[in-house]
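# Topology and contacts: notes
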Amino acid sequence: MSADRAGESQVDWRKLHRITPLLNAWKVAAALIAIFVWQYSDTLGQLDLPTTQFLLVIIGVIVVGSLIGLGYSALAWSRTRYGLSPESVYLHSGVLFRQQRHLRLDRVQTVDVTQPLLARLFGFASLKIESAGGAGSNLTLSFLTEDEAQRLRNELLARAAGVTVSEAADGGQAPAAPAAPEREVLALTPGRLIGSLALSFWLMAFVLAGAVLIVLAVVNQSLAPIFGVGPALLGAVAYVWGRFAGEFAFRVATSPDGVRVRQGLLESKARTVPPGRVQAVQVSQPLLWRTRGWWRLQVNIAGYGAEETTGSVLYPVATTEEVGRLLYLVQPDLGDPRPLQLLEAGLSGTGGDEGFVTSPRRVRWLDWWTWRRTGFRVTDTVTILRTGRVWRRLVIVPHERTQSLGLSEGPLDRRLRVANFSLHSTPGPITPIVTHIDADVARALLVDVADRARRARRDAGPEQWMLPRTAAAAAAADGAAPDPTAAPATFGGILPSPPVRAVYGGVLPGHGAAVTDEPVEGGRMHG
């Protein structure tokens with residue numbers, strides 16, 4: 001208890017912006033109005049009132065609901081405060097039930113600056129801090145001014161990186177942490193986004209189903225078929241719109257504090273993923289995208305759950321050349337002297353090209369079309385899983401991010417002497433698994449990957465990525481705090497740096513390509 005009080009004494013407590021109740025009031029008001037309409041819709045329909053009086057009743061309900069929502073939001077705001085210490089960020093909130101939560105900065109996975117449409121119009125933003133403890137341990141600060149949210153993001157990332165942040169002197173205001181410089185890498189054009197959605201299987205199925213329903217409605221002279229599947233059609237429309245609005249203006253940049261992603265049409269989001277936080281990467285290609293050579297990149301990040309959609313996307317639609325550039329940001333070393341050839345074999349190859357081990361020939365009658373495609377490759381730094389012939393997938397899991405391993409066998413698998421090998425990652429859209437591998441090979445693979453993962457975690461860099469590995473290790477051995485002023489040799493082994501193999505990433509889009517600070521738009525690379 002004394003240690004907790006000592007830590008609390010170093011906290012710099014702050015308040016959210018006073019406009020927060022107004023921006024949150026509509027949520028409470030909307031919930032109250034929805035409950036009222038649900039409970040009393042039949043009663044309102046039976047009232048024999050003139051139109052003017054009926055409208056006054058509706059307006060009165062809206063006004064009362066808004067006032068109640070504003071009052072509750074104001075009370076909640078008055079009892080909410082957040083604070084920063086050198087090691088943690090704190091949030092105290094709650095009206096009826098008080099919550100006191102704190103998040104260690106060395107466990108920060110991502111920092112998101114989000115601007116919903118209403119807040120965006122008035123220059124406000126919310127800050128969401130994702131923790132390795134899962135969705136229940138994340139903190140959301142709503143709302144701050146846009147400038148204050150950016151300053152707080154810079155301060156959080158600086159503290160999480162191990163950089164010393166100047167304290168206030170003589171009761172004055174502490175200087176703001178400087179924003180880390182960034183270099184834009186890729187920018188998605190609206191044309192490519194629309195083209196990718198047009199080549200989506202679900203959109204084509206929706207258009208075909210809509211045409212069939214229209215024909216049936218005309219032939220039968222009835223709208224019953226349309227109303228019967230109306231909810232499903234609305235769901236398809238909502239899915240396509242969500243993809244378009246969420247991935248509009250998608251941009252990726254690099255900086256010393258990690259990979260920065262910006263996206264959104266109506267709701268603007270700016271995410272910063274610190275070095276070493278990506279648990280797994282998946283590169284996938286639907287069948288209809290193959291003619292265009294497009295791929296979709298997704299990541300697993302601790303703190304994001306499986307329900308997260310746009311937050312787990314590293315890039316919505318990338319060419320093969322852009323895949324190499326993007327993978328270089330999150331895994332600069334594939335652990336092979338021929339990284340480009342290895343990547344090509346993983347994306348579109350079959351058989352044993354570049355050392356891939358595939359399913360045995362005896363399962364060809366079970367996986368007659370995919371058995372030569374399904375396979376794996378283990379390198380010095382990652383485990384690569386290759387699956388799918390119609391819908392191609394390539395999953396890359398760094399050894400140091402392997403959570404656990406598993407083997408599974410069904411009755412048919414045991415008869416064919418094959419097994420399914422899986423690497424257990426954090427919750428997210430990626431499930432690393434390769435099926436129907438020779439049973440003996442799978443058991444040897446489990447032992448090999450477990451040993452590599454143990455050694456990789458032992459040799460991994462510090463969570464505070466701006467600290468040199470040697471200094472951090474010495475400080476940890478002595479039980480002392482590491483020196484945050486020493487310059488790091490690399491950014492935690494995640495961003496381009498001299499020790500990384502120069503051939504991978506630097507060779508794309510071609511040998512001798514000039515490095516430029518100009519962004520890359522669509523499929524065109526500057527340089």
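Residues numbered from 1 in each chain as written. Predicted model: local features only at pLDDT ≥ 70, side-chain atom pairs only at ≥ 80, totals over all residues. Heavy atoms only, no water.

## Some thoughts on the overall build of the protein
What counts here: Each helix is a run of DSSP H or I of at least 4 residues and each strand a run of E of at least 2, with the numbering of both proceeding from the N terminus. Any residue under 20% of the maximum accessible area for its type is buried, any over 50% is exposed, and the rest in between are partly exposed; the area is computed with a 1.4 Å probe on protein chains only. Residue contacts are counted whenever heavy atoms from the two residues lie within 4.5 Å of one another. For the accessible areas, the method is Shrake-Rupley and the probe is 1.4 Å, while residue cover comes only from the protein chains on display.
On a plain count of helices and strands, the protein comes out with 14 helices and 21 strands. Expressed as a percentage of its 527 residues, the buried residues of the protein come to 45%. Here the contacts in the protein between residues at least 6 apart in sequence split such that 60% fall between residues at least 24 apart. With the model as given, the accessible surface of the protein reaches about 26,600 Å², and the carbon-plus-sulfur share is 60%.

## Observations regarding the pattern of salt bridges
Pairing between side chains of opposite charge can happen when the charged atoms of each approach one another. Quick reminder of the rule: Definition used for salt bridges: Asp or Glu carboxyl oxygen within 4 Å of a side-chain nitrogen of Lys or Arg.
Counted under the stated rule, the structure contains 25 salt bridges. The partner of Arg-153 in a salt bridge is Asp-257, and the shortest N-O contact between them spans 3.9 Å. One end of the pair, Arg-153, is in helix α5 (residues 146–161); the other, Asp-257, is in the loop between β9 (251–255) and β10 (258–263), with 104 residues separating them in the sequence. Pair check on accessibility: Arg-153 and Asp-257 agree, each one buried. Its salt-bridge partner being Arg-443, residue Glu-409 comes within 3.5 Å of it at the nearest N-O pair. Of the two residues, Glu-409 sits in the loop between β19 (404–408) and α12 (411–416) while Arg-443 sits in helix α13 (residues 439–459), which places them 34 residues apart along the sequence. Classification of Glu-409 by relative accessible area gives partly exposed; the value is 31%. For Arg-443, a relative accessible area of 42% gives the class partly exposed. If you follow the salt bridges from partner to partner, you end up with Arg-153, Glu-182, Asp-257, Arg-260 and Arg-262 in one network.

## Comments concerning the nonpolar core
One recurring pattern in soluble globular proteins is that nonpolar side chains are buried together. Quick note on the threshold: In this text, buried Ala, Val, Leu, Ile, Met, Phe, Trp, Tyr and Cys residues form a nonpolar core when linked through side-chain atoms within 4.5 Å. Note that domain bounds follow an automatic or database assignment of domains.
Membership of the largest hydrophobic core comes to 43 residues, with the highest contact counts inside it found for Val-252, Val-283, Leu-297, Tyr-315, Val-323, Leu-326 and Leu-327. Mapping this core onto the domain boundaries places at least three of its residues in each of domain 2 (189–247) and domain 3 (275–459). The residues contacting Leu-326, other than those within four sequence positions of it, are Leu-186, Val-252, Leu-297, Leu-314, Tyr-315 and Ala-318. Core analysis: the second largest hydrophobic core is formed by 22 residues, Leu-16, Leu-84, Ala-160 and Ala-270 among them.

## What to know about the sheet that holds strand β13 (residues 294–301)
We apply this condition: Only when DSSP finds a minimum of two bridges between them are two strands counted as paired.
As summarised here, the arrangement of the 7 strands in space is β14-β13-β12-β18-β17-β16-β15, forming an open sheet in which the pairing is antiparallel. Each edge of the sheet is formed by a strand with only one pairing partner; in this case those strands are β14 (313–319) and β15 (357–358). Bridging between β13 and β14 involves 4 bridges; their strand directions are antiparallel. In the strand pairing of β14, Trp-295 is matched with Ala-318.

## Some details on the environment of Leu-152
Inspection of the secondary structure puts Leu-152 in helix α5. A relative accessible area of 1% means that Leu-152 is categorised as buried. Spatially, the C-alpha atoms of Leu-152 and Val-113 are 9.9 Å apart, while their sequence positions differ by 39 residues. Other than its neighbours up to four places away in sequence, Leu-152 contacts Arg-14, Tyr-82, Leu-84, Leu-127, Leu-141 and Leu-144.

## Re the UniProt feature "transmembrane region" (unreviewed entry) in the protein
Condition: UniProt positions are given in the numbering used here, feature names are shortened, and annotations may be inferred rather than shown by experiment.
Within this numbering scheme, the UniProt entry marks residues 21–41, 53–75, 193–217 and 223–241 as carrying the feature "transmembrane region" (unreviewed entry). Taken end to end, residues 53–75 comprises 100% helix and 0% strand; its first and last C-alpha atoms sit 33 Å apart. End C-alpha atoms of residues 193–217 are separated by 32 Å, and the span's content is 92% helix alongside 0% strand.

## A look at a positive patch on the surface
We count it as follows: Each patch is built from residues that are more than 30% exposed by relative accessible area and take part in no salt bridge. Like charges join if they lie within 9 Å; nonpolar side chains (Val, Leu, Ile, Met, Phe, Trp, Tyr) join within 5 Å. In this tally Asp and Glu are treated as negative and Lys and Arg as positive; neither His nor the chain ends contributes. Every charge is mapped onto a representative atom, which is NZ of Lys, CZ of Arg, CG of Asp or CD of Glu.
Together, Lys-15, Arg-79, Arg-81 and Arg-98 give the surface a local cluster of positive charge. Relative to the helices and strands, Lys-15 resides in the loop between β1 (12–14) and α2 (20–46).

## Thoughts on the packing of aromatic side chains
The line we're drawing: Centres within 6.5 Å are what make two rings of Phe, Tyr or Trp a pair, Trp counting through its six-membered ring; a difference in plane orientation under 30 degrees is then read as stacked, over 60 as edge-to-face, and the rest as tilted. Two thresholds decide whether a charge sits over a ring: the Lys NZ or Arg CZ must be within 6 Å of the ring centre and within 35 degrees of the ring normal.
The final tally for this structure, using the stated rule, is 6 aromatic pairs. Centroid distance Phe-250 to Tyr-315: 5.7 Å. Interplanar angle 90°. Geometry classified as edge-to-face. A residue pair is termed long-range when its members are at least 10 positions apart, and Phe-250 in the loop between α9 (230–247) and β9 and Tyr-315 in strand β14 qualify at 65 residues. In this structure Phe-250 comes out as buried when scored by relative accessible area, which is 0%. An aromatic cluster of at least three residues, connected via ring pairs, comprises Trp-241, Phe-244 and Phe-248. Directly above the ring of Trp-13 sits Arg-81, whose terminal nitrogen or CZ lies 3.9 Å from the centroid.

## Some points on helix α7 (residues 201–220)
Counted only if it meets this: Any helix carries an expected span of 1.5 Å times its number of residues minus one. The arc refers to the directions leading from the helix axis to the C-beta atoms.
Here α7 contains 20 residues, and its C-alpha end-to-end distance of 28 Å stays within 8% of the 28 Å for a straight helix at 1.5 Å per residue. Three or more residues of α7 are buried, namely Leu-203, Gly-210, Leu-213 and Ala-217. Along the axis of α7, the buried positions cluster into a sector of 85°, meaning they face one direction only. The exposed residues of α7 that point more than 90 degrees off its buried face are Phe-201, Leu-208, Val-215 and Val-219.

## Topic: empty space enclosed by the protein
Applied cut-off: A cavity here means a set of 1 Å grid points, computed over protein atoms only, where a 1.4 Å probe fits but cannot escape. A pocket is an open set with protein on both sides within 12 Å along at least 5 of 7 lines, and lining residues have an atom within 4 Å of a point. Grid points are joined across faces, edges and corners, and a volume is the space filled by probe spheres set on the points. In this classification, the charged set is Asp, Glu, Lys and Arg, the nonpolar set is Ala, Val, Leu, Ile, Met, Phe, Trp, Tyr, Cys and Pro, and all remaining amino acids, among them Gly, are polar.
Evaluation of the coordinates by the stated rule reveals 2 cavities of 30 Å³ or more. Space inside the largest cavity adds up to approximately 110 Å³. If you go around the largest cavity, you meet 16 residues; those closest to its centre are Val-259, Val-273, Pro-274, Val-278 and Val-330. Each residue belonging to the lining of the largest cavity can be placed in one class, and the counts come to 12 nonpolar, 2 polar and 2 charged. Counted as a void, the second largest cavity has a volume near 30 Å³. Lining the second largest cavity are Leu-334, Leu-342, Leu-343, Gly-346, Ile-384, Leu-394 and Ile-396. Of all elements in the fold, only α11 (339–348) and β18 (392–398) reach the threshold of two or more residues within the lining of the second largest cavity. The element best represented in the lining of the second largest cavity is α11, accounting for 3 residues. When grouped by side-chain class, the residues that make up the lining of the second largest cavity number 6 nonpolar, 1 polar and no charged.

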